[in-house]
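Structural characterization, general
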Amino acid sequence: MLLLRFLRFVFGYVGFTAQGGFPERFINLCRHNKIILWELKSRNGVISACVDREGYKKIRPVARKSGMRVRIRRKYGLPFFLARHSRRVGVLIGACLCAAVLLILSTRIWSIDVIGNVRVPAETVLGVFEELGVRRGVAGSRINISATEIEALRRLPELSWLNINISGSAALIEVRETVKSPELAENGEPTDIVAARDGQIVILRPFNGTQEQKIGNPVLKGDLLISGIEQNKDLTVSFCKASGYVVARTNREITAAQSAKIKAKKAVSQNKSYVLDFLFFSIPLGRQVEDAYSEKSELYINGVTLPVGLTERTQTVYEETEINLTQSQTRLLAQLRFFKNSSEDFRYLQVEQSEITADEQSGCTVSGKFTCLENIGLERPMQIEEINQ
Amino acid sequence: MRKKNCRTQGRGERIIEAVSRNLDLPPDAVAGYAHIELCGNREAIIEGCQGVLEYGDSVIALNTGKLTVRICGCELTIASMQNGQAIIKGIITSLDYRN
């Protein structure tokens, strides 16, 4: 039925009313003259119906024979529409141009998305593909997918697999990243384990090499803890890579100071300008600012990025200024600095005792004394000289 | 005993009807009757229509050769009529046959 309506629209049809005379005779004569009528209705002695263009040309003699007066109600369909607008050449040219532009642009790539990346930024992947010719505005049929995939994979060693799916005007680049292999321990060079800090040994577990200290011994930084020289049963020695676990009780002191006056950059004013991105054109809207931070917003519909976007460029003017902090602000900044300094050091150790003090004369100084348990073992390559006998 | 007004068929027609009944042939194909399909009371499809005898928004009478089919109802419309097939839409209240 939809197809029939479409065909009727394409070929055009006429809606008419007929009154007076004999409607039955009119219908029968139409049927006899092979004039196809549809949507035939009768209301208060007036019949209304639709007929195709050719049929309407033949309907006058039939109506005359049956004594009916026929009047056109409305003309429907493409031929009548075109005839009505035939004088408007500009509209026709515009419609043709629109159709041509749609046809041409629909063969091009307008949206490129990257999925499956975690470590490698999407910009890096898109940059490589742009160098290889997969960019906005390029014809989809011109992309040699397999060659591009191989070349992109060669240029991006962080990726183990990638695939380009082109669907209409959208290209979806699916990637898989490589998994880093764990670093293998090198057994070649003989090493000692020495103390990285001063402390008192609490736990000592040598895995490889000869133990040189005992539990409870105080050690200084650089003292040998586990030696890489092993004595064999035949009283000869062999060199190995010493390994082990040496936990010692150590003392640490961390200080963080903050003055009450600080120099800082203060934002004084902001100038903004906008650029309209459409297809591969960038249209500046108004006067543009220099050295600006850009933020691009793109139009998304159903998860597809459309080639229409707005870039906001913001230029912020800063001024060097001196800020006088209040006592609480100074203390807060000093504490933040103290925690920042200690967070990295305290990641791999256990604090047994701590004493934190704050001195608030001329700014704020936060200092902490800690007694910790930590692994002080540090690998040091062994100095070996070969003596030619 | 049959009623007299129902005995209007000729002998030839009765033979054709008997043959088609015994051979399981559709009577509309053999005896030239109209084939009528009704979809509820909203649409009637009549095949074998030879002309319109009466046309109005409450009555449409169609010539189907041996019989006159008279469809009564309201807002009746001939949706299409070509190749001997008429589709009548509207609210159909009754359908009767006349010789």
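Calculation rules
- Residues numbered from 1 in each chain as written.
- Chains lettered and ligands numbered in written order.
- Predicted model: local features only at pLDDT ≥ 70, side-chain atom pairs only at ≥ 80, totals over all residues.
- Helix = DSSP H or I, 4+ residues; strand = E, 2+ residues; numbered from the N terminus.
- Buried ≥ 20, exposed ≤ 12 C-beta atoms within 10 Å, placed from the backbone.
- Contact = placed C-beta atoms within 7 Å.
- Axes fitted to C-alpha atoms, helices over the stretch in contact; angles between N-to-C directions.
- Left-handed = near helix turned anticlockwise from the far one by under 90°.
- Nonpolar A, V, L, I, M, F, W, Y, C, P; charged D, E, K, R; others polar.
- pLDDT = per-residue confidence, 0-100.
- Pairing = 2+ DSSP bridges.
- Core = buried A, V, L, I, M, F, W, Y, C linked by C-beta atoms within 7 Å.
- Expected span 1.5 Å × (residues − 1).

**With respect to the overall build of chain A**
Across its full length, chain A holds nine helices and 22 strands. A buried classification covers 19% of the 389 residues belonging to chain A. Across chain A, the fraction of contacts at a sequence separation of at least 24, relative to all contacts at a separation of at least 6, is 67%.

**Re the overall build of chain B**
When helices and strands are counted, chain B shows two helices and six strands. Listed N to C, the secondary structure of chain B is α-α-β-β-β-β-β-β in terms of helices and strands. Within chain B, the fraction of its 99 residues that count as buried is 22%. For chain B, long-range pairs separated by at least 24 residues make up 34% of all intrachain contacts whose partners lie at least 6 apart in sequence.

**A look at unusual backbone geometry**
One can expect most non-glycine residues to show negative phi and most peptide bonds to be in trans. Residues and elements named next belong to chain A. Phi is positive for K34, which is not a glycine, with a value near 60°. Its location among the elements puts K34 in the loop between α2 (23-32) and β2 (37-43). A positive phi angle, near 55°, is found at N44, a position not held by glycine. Its place among the elements puts N44 in the loop between β2 and β3 (46-52). Residue classification places N44 among the exposed positions, given that 7 C-beta atoms sit within 10 Å.

**Details of the packing of α2 of chain A against helix α4 (residues 59-66) of chain A**
Residues and elements named next belong to chain A. Following both chains from N to C, one finds α2 and α4 inclined at 145°, their axes separated by 9 Å at the closest point. Between α2 and α4 the crossing geometry is right-handed. Contacts between α2 and α4 involve R25, F26, L29 and C30 from the former and V62, A63, K65 and S66 from the latter. A class-by-class count of the residues in the contact of α2 with α4 yields five nonpolar, one polar and two charged.

**A look at the confidence of the model for chain A**
Averaged over every residue, the pLDDT of chain A is 88; residues scoring 70 or more account for 99%. At the level of individual helices and strands, chain A shows its lowest average pLDDT in strand β14 (residues 237-239) of chain A, which scores 85, and its highest in strand β1 (residues 13-19) of chain A, which scores 94.

**Quick notes on the pairing of strand β4 (residues 59-63) of chain B**
All names here are of chain B. Covered by surrounding structure in β4 are I60 and L62 only, the residues V59, A61 and N63 on the alternate face being uncovered. When strand β3 (residues 51-55) meets β4, the two strands line up antiparallel, connected through four bridges. From the neighbouring strand, Y55 faces β4, where its bridge partner is I60. Counted between consecutive antiparallel strands, the loop separating β3 from β4 contains three residues. Where β4 meets strand β5 (residues 68-82), five bridges bridge the pair, whose relative direction is antiparallel. Looking across to β5, one finds that V59 is bridged to C72. Remark: four residues form the turn of the hairpin made by β4 and β5, two consecutive strands paired antiparallel; G65 in that turn has positive phi of roughly 95°.

**So, the sheet that holds strand β8 (residues 191-195) of chain A**
In space, the four strands of this open sheet follow the order β10-β12-β8-β22 (chain A), with antiparallel pairing throughout. Among the strands making up the open sheet, the edge pair consists of β10 (210-211) and β22 (377-381) of chain A.

**Let's talk about the confidence of the model for chain B**
Residues and elements named next belong to chain B. Of all residues in chain B, 87% attain a pLDDT of 70 or more, and the chain-wide mean is 83. Counting contacts from residues 1-5, a segment whose pLDDT is below 50, to residues more than four positions away or on other chains yields one contact. The complex model carries a pTM of 0.46, and its ipTM stands at 0.74.

**Some points on the sheet that holds strand β19 (residues 304-324) of chain A**
Residues and elements named next belong to chain A. If you trace the four strands from one edge of the open sheet to the other, you get β17-β16-β19-β18, paired in antiparallel fashion. Looking along the sheet, the strands with just one partner apiece sit at the ends: β17 (281-285) and β18 (293-301). Neighbour-to-neighbour, the strand axes of this sheet turn through a mean angle of 35°, independent of strand direction. Pairing analysis gives five bridges linking strand β16 (residues 261-278) to β17, with the strands arranged antiparallel. If you follow F278 over to β17, its bridge partner there is F281.

**Some words on the nonpolar core**
Judged by nonpolar contacts, the single largest core of 35 residues is most densely connected at L37 and V51 of chain A. With five residues, β5 of chain B is the single largest residue contributor to this core. Beyond its immediate stretch of four places on either side in the chain, L37 of chain A contacts I27, C30, A49 and V51 of chain A together with M81 of chain B.

**Observations regarding helix α6 (residues 89-105) of chain A**
With 17 residues, α6 of chain A ought to run about 24 Å at 1.5 Å a step, and its terminal C-alpha atoms sit 24 Å apart, in line with that. Counting buried positions along α6 of chain A yields zero of 17 residues, so the element is predominantly exposed.

**Focus: the environment of I46 of chain B**
All names here are of chain B. Following the sequence through the fold, I46 ends up in strand β2 (residues 43-47). Between the C-alpha atom of I46 and that of A34, which follows or precedes it by twelve residues, the distance is 6.7 Å. Those residues in contact with I46 that sit more than four places away from it in its chain are A34, I36, L62, T64, V69 and A86.

**Regarding the environment of I203 of chain A**
Residue and element names in this part refer to chain A. Here I203 is to be found in strand β9 (residues 199-208). The spatial distance from the C-alpha of I203 to the C-alpha of E374 is 9.8 Å, given a sequence separation of 171 residues. With residues near it in sequence (within four places) discarded, I203 still touches Y245 and V247.

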